[in-house]
Amino acid sequence: ETGVTQSPTHLIKTRGQQVTLRCSSQSGHNTVSWYQQALGQGPQFIFQYYREEENGRGNFPPRFSGLQFPNYSSELNVNALELDDSALYLCASTSGGSSYEQYFGPGTRLTVT
Amino acid sequence: AQSVAQPEDQVNVAEGNPLTVKCTYSVSGNPYLFWYVQYPNRGLQFLLKYITGDNLVKGSYGFEAEFNKSQTSFHLKKPSALVSDSALYFCAVGGFSGGYNKLIFGAGTRLAVHP
């Protein structure tokens, strides 16, 4: 098991609502990335935070936003939920400045009805 | 566009036989290559990586992978499969030009090891 934790484990929301997912990075890691894994697909990069600043973004609309806190934990916020947002959301941490292995948390399963 | 291909949706192997899970990539520059494994209702677990050096890299649980630059491939291998190896395997690339620290994943290959 990695030292990356995510909460909640599961979440059910209604279309149009807003959701916040949380991630605590592994000790010593200052970079957090978020990925969306739809059913039957590989994870897709949403964005990355490095020292509290967004450090890159994938092909996701602005209603996907994030924060990173001074302790390097992070939040993913999704506004105006759509049915297609139903997925497993994975958080990964790594030490900054390189592209070595990222350590993933167990994920949050979001269901939008 | 950067991409990773895992051409097999599923690989079936008898326990004790060697296994290979295929991966090819198309990215600019000299990427870093990774294999991750995912068990049901779990996050991704890191297996191994290639950054530079020897083309054959060894990782966790007896897995190894061979980097082939000319074929842009990074196939995952194990000499003797176990039933407990049954899981979903993902190939990923990172460190490519303009990619900062993000990973691009393949669609995954389900490995089924039969007793």
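Each value, and the rule that gives it
- Residues numbered from 1 in each chain as written.
- Chains lettered and ligands numbered in written order.
- Predicted model: local features only at pLDDT ≥ 70, side-chain atom pairs only at ≥ 80, totals over all residues.
- Heavy atoms only, no water.
- Phe/Tyr/Trp six-rings, centres within 6.5 Å; stacked < 30°, edge-to-face > 60°.
- Buried < 20%, exposed > 50% of the residue type's maximum accessible area, 1.4 Å probe, protein only.
- Helix = DSSP H or I, 4+ residues; strand = E, 2+ residues; numbered from the N terminus.
- Polar contact = N/O pair within 3.5 Å; in protein donor to acceptor, adjacent residues only side chain to side chain.

**A short note on the packing of aromatic side chains**
Argument step 1. In total, this model carries 14 aromatic pairs over all chains according to the counting rule given.
Argument step 2. Measuring from centroid to centroid gives 5.1 Å for Phe-60 of chain A and Phe-64 of chain A, while their planes differ by 65 degrees, and the two rings are edge-to-face. The residues Phe-60 of chain A and Phe-64 of chain A share a single accessibility class, namely buried.
Argument step 3. Where Phe-90 of chain B meets Phe-105 of chain B, the ring centres are 6.3 Å apart and the plane angle is 90 degrees; that geometry is what we call edge-to-face. One end of the pair, Phe-90 of chain B, is in strand β10 (residues 87–94); the other, Phe-105 of chain B, is in strand β11 (residues 104–105), and 15 residues separate them in sequence.
Argument step 4. Phe-90 of chain B sits in the buried class, given a relative accessible area of 0%.
Argument step 5. Taken together, the ring pairs in this structure connect Tyr-35, Phe-45 and Phe-104 of chain A together with Phe-34, Tyr-36, Phe-46, Phe-90 and Phe-105 of chain B into an aromatic cluster.

**Notes on the side chain of Gln-37 of chain A**
Argument step 1. For Gln-37 of chain A, the position within the fold is in strand β4 (residues 31–37).
Argument step 2. Among the polar contacts made by the side chain of Gln-37 of chain A, one reaches the main-chain carbonyl oxygen of Gln-41 of chain A at a distance of 3.1 Å.
Argument step 3. One polar contact links Gln-37 of chain A to Gln-38 of chain B, side chain to side chain, over a distance of 3.0 Å.

From the geometry alone we can't say anything about function, so treat these as descriptive.
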